[in-house]
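Notes for the structure review
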Amino acid sequence: MKLWRKPLDAEQKKPPHGIVHILIERCKGCGFCITFCPKQVLEASTDFNRRGYHPPIVKYPERCVDCGLCTAICAEFAIWTTPDQESEKVMTGGTGEEQ
């Protein structure tokens, strides 16, 4: 996304980073998580799960901003995100508190 101006605190505040978790066997291959991901983190797999569907795979894990949209849109509860602990340490300076 291109912004028309740069935020004044862009050097101090970094965007959050998330880790995507997928339960391959629970996925029904609808593709909603792939289509609606704002950062295009996911891609359809060429492999099949036991149900015969193509589950998503994480193609660009570094792009995930832990927005939770994939978690909210998945009807089968097959995908969720968690905050990346390493990026939280960088954002807070390793203290666990916001600066």
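These remarks concern the structure in this document. What you are looking at is a predicted structure, and each value in this text was computed from that prediction instead of being measured. (Residues numbered from 1 in each chain as written. Predicted model: local features only at pLDDT ≥ 70, side-chain atom pairs only at ≥ 80, totals over all residues. Heavy atoms only, no water.)

**Some details on the packing of aromatic side chains**
Applying the stated criterion to the full structure yields one aromatic pair. The ring of tyrosine 60 has arginine 63 sitting right over it, with the charged end atom 3.8 Å from the ring centre. (Phe/Tyr/Trp six-rings, centres within 6.5 Å; stacked < 30°, edge-to-face > 60°. Lys NZ or Arg CZ within 6 Å of the ring centre and 35° of its normal.)

**What about the environment of phenylalanine 48?**
Structurally, phenylalanine 48 is set in the loop between strand S2 (42–44) and strand S3 (56–58). A residue is classified by how much of its surface remains accessible, and phenylalanine 48, at 58% relative accessible area, is exposed. Expressed as a C-alpha distance, the spacing of phenylalanine 48 and isoleucine 24, which sit 24 residues apart in the sequence, is 9.0 Å. Here phenylalanine 48 is in contact with Tyr53 and His54, once residues within four sequence places are set aside. (Helix = DSSP H or I, 4+ residues; strand = E, 2+ residues; numbered from the N terminus. Buried < 20%, exposed > 50% of the residue type's maximum accessible area, 1.4 Å probe, protein only. Contact = heavy atoms within 4.5 Å.)

**Focus on the side chain of threonine 81**
By the secondary structure assignment, threonine 81 is in strand S4 (residues 79–83). In contact with threonine 81, not counting residues within four places along its chain, are Ile19, Val20, His21, Cys64, Asp66, Gly68, Cys70 and Thr71.

**Topic: empty space enclosed by the protein**
Applying the stated criterion across every chain yields a total of one cavity of 30 Å³ or more. Approximately 100 Å³ is the volume found for the largest cavity. Along its surface, the largest cavity is lined by 14 residues, and Cys37, Val41, Cys64, Cys67 and Cys70 are the ones closest to its centre. (1 Å grid on protein atoms, 1.4 Å probe; cavity = no way out; pocket = protein on both sides within 12 Å on 5 of 7 lines; lining within 4 Å. Points joined across faces, edges and corners; volume = space filled by probe spheres on them.)

**Side note on unusual backbone geometry**
Phi at glutamine 40 is positive, roughly 50°, even though this residue is not glycine. Even without a glycine there, the phi angle at phenylalanine 77 is positive, about 55°. Residue placement: phenylalanine 77 occurs in the loop between helix H2 (69–73) and S4. Residue classification places phenylalanine 77 among the exposed residues on the basis of a relative accessible area of 62%.

**Brief notes about the side chain of asparagine 49**
Tracing the backbone through its elements, the reader meets asparagine 49 in the loop between S2 and S3. Judged by relative accessible area, asparagine 49 falls into the buried class, the value being 6%. A polar side-chain atom of asparagine 49 sits 3.1 Å from the main-chain amide nitrogen of arginine 51. (Polar contact = N/O pair within 3.5 Å; in protein donor to acceptor, adjacent residues only side chain to side chain.)

Geometric descriptors of this kind do not, in isolation, establish any biological role.
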